[in-house]
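# Structural description and commentary
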Amino acid sequence: MKKQISAIKGTKDVLPREARKWQHVEAVTKRVLELYAYKEIRTPVFEATELFEKGTGQTTDIVIKEMYTFKDKAGRSLTLRPEYTPSVARSIIENRLYLQPDPLRFYYIGPMFRYDKPQKGRYRQFHQVDIEVFGEEDPALDAEIVEMANYLLRELKVSATENLVNSVGCKKCRPSYIKDLRSRAEEVKRDLCPDCKRKVDLNPLRIFDCKIETCREAAKNFPRITDYLCQECEDHFNRFCEYLAFYGIKYKVEPRLVRGIDYYTKTTFEVVSSKLGAQNALIGGGRYDDMMEDFGGPDLCAIGFAMGLERLISVVPFTEEKGEFLYLVHLGDESKRAGMKAVQFLRREGVECLIEYKERSIKSQMSRANKLGAAWVLIIGEEEVKEKKYKLKNMASGLQVEGTQGEILKIIRESS
Ligand code: AMP
């Protein structure tokens, strides 16, 4: 027996039946995002490693532990993107999109890569829908984004979700918070896991990302960032919450919601689902008002979110519509050729057709059409070729008619 090659741990195949559901979710998502004036952008799957080191942040788990980084043949350090935001920021600066009059609202659907421990809802190649908006500082936009996320989930018939919101402050107010947080974390350092012990010095904010129970317990008594916000950040947060209420959106303030990425400023939010297990975040996002300048671009504030497609798809209800397709039954070479022409004609007219080329009896072809769930069967035998009139059978009603290609098309159209 020859050795089989398996898919890499943490990756999975989307097989045709499931792909229908993906297509449905992607189509609804695109429609909703475009209603809010977002335009699609596509950037490469790999980038210079320093883009993520600088953007996502040196102290994040993503950069420290989870990146797929490799050297190419020219010795450059490249990384498969672990998230999308730094790539979009880079692209906007590089292509000077901010000089154009178009609104800077972008969306993207595609794969991300993180060398994380695989489990339910957590993969090493996973897919995200990302949205990003640049240059709007009004918290009305932050609320509009949460409103859009909620509307999208409603359109996808996802229920049992909750909106968690927070503010992580800015360059001005965060340092005094970090100082107090660090000294509090110092006091309980011996109770923390080895990773979090390191984070006390490196970036104590990242202790909130830890999933280990003892660390979570310790973090419960840490100071809250919302008590340290400067006037500007506090106003922004209050107005964001007011606009959410204005939209009639329910939310919960979660002061420990710092999200595992270094660049966030002011607003952070998550949409969680009670139908998911431990990995319950469907959507996560926030503001990152400093990234564009840090990347050498213009001083443009920004906000975005990422939605995990694998997790979303696991909670989207979906019943596949039955495809209305026609199965071509043929017998012998002449009739096969006539069949090839007939399906070519029908496909050009928008009828989904399946012709198979294995030699089978009419009876076994009929039973195959039945098994595959064909709506129609078109039978072309020797006689039909001579007459140029084919037999069409409606599989649901059992009704059979005879006609030319054109007549057959008319019957199929009239019945749909
Ligand atoms: P993040 O980019 O970490 O803010 O995550 C945004 C969203 O992407 C999460 O809410 C999840 O839905 C999804 N996500 C993040 N990491 C993974 C992963 N390893 N596997 C599957 N989905 C993920």
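Rules used throughout
Residues numbered from 1 in each chain as written. Predicted model: local features only at pLDDT ≥ 70, side-chain atom pairs only at ≥ 80, totals over all residues. Heavy atoms only, no water. Helix = DSSP H or I, 4+ residues; strand = E, 2+ residues; numbered from the N terminus. Rg over C-alpha atoms; globule rule 2.2 N^0.38 Å. Buried < 20%, exposed > 50% of the residue type's maximum accessible area, 1.4 Å probe, protein only. Contact = heavy atoms within 4.5 Å. Areas by Shrake-Rupley, 256 points an atom, 1.4 Å probe, with all protein chains shown as cover. 1 Å grid on protein atoms, 1.4 Å probe; cavity = no way out; pocket = protein on both sides within 12 Å on 5 of 7 lines; lining within 4 Å. Points joined across faces, edges and corners; volume = space filled by probe spheres on them. Nonpolar A, V, L, I, M, F, W, Y, C, P; charged D, E, K, R; others polar. Salt bridge = Lys/Arg side-chain N within 4 Å of Asp/Glu carboxyl O. Near = heavy atom within 4 Å. Polar contact = N/O pair within 3.5 Å; in protein donor to acceptor, adjacent residues only side chain to side chain. Pairing = 2+ DSSP bridges. Axes fitted to C-alpha atoms, helices over the stretch in contact; angles between N-to-C directions. Lys, Arg positive; Asp, Glu negative; His and termini not counted. Domains from an automatic or database assignment. Patch = residues over 30% accessible without salt bridge, like charges linked within 9 Å, V, L, I, M, F, W, Y side chains within 5 Å. Charge placed at Lys NZ, Arg CZ, Asp CG, Glu CD. Left-handed = near helix turned anticlockwise from the far one by under 90°.

Let us look at the overall build of the chain. In terms of helices and strands, the chain carries 15 helices and 16 strands. Against the globule reference of 22 Å for 416 residues, the chain gives a C-alpha radius of gyration of 28 Å, more extended than a compact globule. Principal-axis analysis of the C-alpha atoms places the extent of the chain at approximately 90 × 60 × 40 Å. Here the chain, with 416 residues, has 50% of them falling under the buried criterion. The long-range share in the chain, meaning contacts at least 24 apart out of those at least 6 apart in sequence, stands at 69%. Summed over its atoms, the accessible surface of the chain is roughly 22,200 Å², and 49% of this surface lies on carbon and sulfur atoms.

Over the atoms rolls a probe the size of a water molecule, and in doing so it shows where empty space is left. According to the stated counting rule, one finds one cavity of 30 Å³ or more in the structure shown. In terms of lining residues, the largest cavity is bounded by Val168, Arg174, Leu205, Arg206, Val258, Arg259, Ile261, Asp262 and Tyr264. Looking at the lining of the largest cavity, its residues break down into five nonpolar, no polar and four charged.

The next thing to look at is the environment of threonine 43. Relative to the helices and strands, threonine 43 is located in the loop between strand 1 (39-40) and strand 2 (46-48). For threonine 43, a relative accessible area of 10% corresponds to the buried category. Separated by 65 residues in the primary sequence, threonine 43 and tyrosine 108 place their C-alpha atoms 8.8 Å from one another. Not counting residues within four places of it along the chain, the set of residues in contact with threonine 43 comprises Arg81, Tyr84, Ser87, Arg90, Ser91 and Tyr108.

A few words on the pattern of salt bridges. Under the criterion given, the structure shown has 29 salt bridges. Among the ionic pairs, lysine 220 bridges to glutamate 217, the shortest N-O distance being 3.2 Å. For glutamate 217, a relative accessible area of 40% corresponds to the partly exposed category. Between glutamate 349 and arginine 413 there is a salt bridge; the shortest N-O distance is 3.0 Å. Of this pair, glutamate 349 sits in the loop between helix 12 (333-348) and strand 13 (352-355) while arginine 413 sits in helix 15 (residues 405-415); the two residues are 64 residues apart in sequence, bridging distant segments of the chain. Looking at arginine 413, the relative accessible area reads 46%, which means it is partly exposed. When salt bridges that share partners are traced, they join Asp61, Lys65, Asp195, Arg198 and Lys199 into one network.

What follows is about the site of the ligand. Around the ligand lies a shell of 13 residues, among which Arg114, Tyr123, Gln128, Arg259 and Ala281 are the nearest. Take arginine 259: an N or O atom from its side chain is 2.8 Å from an oxygen atom of the ligand. Residue alanine 281 places a main-chain N or O atom 2.9 Å away from an oxygen atom belonging to the ligand. Listed by contribution, the elements that provide at least two residues to the shell around the ligand are strand 6 (125-134), strand 10 (281-287) and strand 11 (302-308).

Attention now goes to the sheet that holds strand 13. A sheet is described by the order of its strands in space; here five strands give the open sequence 13-12-14-15-16, paired in mixed fashion. Two strands bound the open sheet, and with one partner strand each, they are strand 13 and strand 16 (400-403). Looking at each pair of strands side by side, their axes are set apart by 25° on average, direction ignored. Here five bridges tie strand 12 (residues 325-330) to strand 14 (residues 376-380), and the two strands are oriented parallel to one another. Looking at strand 14, one finds that tyrosine 327 is bridged to valine 377.

Looking at the secondary structure, you find glutamate 356 in the loop between strand 13 and helix 13 (362-372). In this structure glutamate 356 comes out as buried when scored by relative accessible area, which is 19%. A distance of 2.5 Å separates polar atoms of two side chains, one belonging to glutamate 356 and the other to arginine 368. Not counting residues within four places of it along the chain, the set of residues in contact with glutamate 356 comprises Tyr327, His330 and Arg368.

Secondary-structure assignment places glutamate 310 in helix 11 (residues 309-315). Among buried charged residues, glutamate 310 stands out as having no salt bridge; its nearest opposite-charge side chain is lysine 12, 6.2 Å away. Residues within four places of glutamate 310 in sequence aside, it is in contact with Lys12, Trp22, Tyr123, Gln125, Phe126 and His127.

A common way to report how large an interface is uses the accessible area buried once the components associate. Domain assignment breaks the chain into domain 1 (16-173 + 229-313) and domain 2 (326-415). Centre-to-centre separation of domain 1 and domain 2, based on C-alpha positions: 49 Å.

Attention now goes to a negative patch on the surface. Taken together, the side chains of Glu334, Glu382, Glu383, Glu387 and Glu402 define an acidic patch exposed on the protein surface. Assignment of secondary structure puts glutamate 383 in helix 14 (residues 382-387). Judged by relative accessible area, which is 59%, glutamate 383 ranks as exposed.

Okay, the packing of helix 1 (residues 16-35) against helix 5 (residues 139-155) next. One can describe the packing of helix 1 onto helix 5 by two numbers: an axis separation of 10 Å at closest approach and a directional angle of 145°. By crossing handedness, the relation of helix 1 to helix 5 is classed as right-handed. The residues of helix 5 that touch helix 1, namely those facing Val28, Thr29, Arg31, Val32, Leu33 and Leu35, are Met148, Tyr151, Leu152 and Glu155. In the contact of helix 1 with helix 5, the residues fall into seven nonpolar, one polar and two charged.

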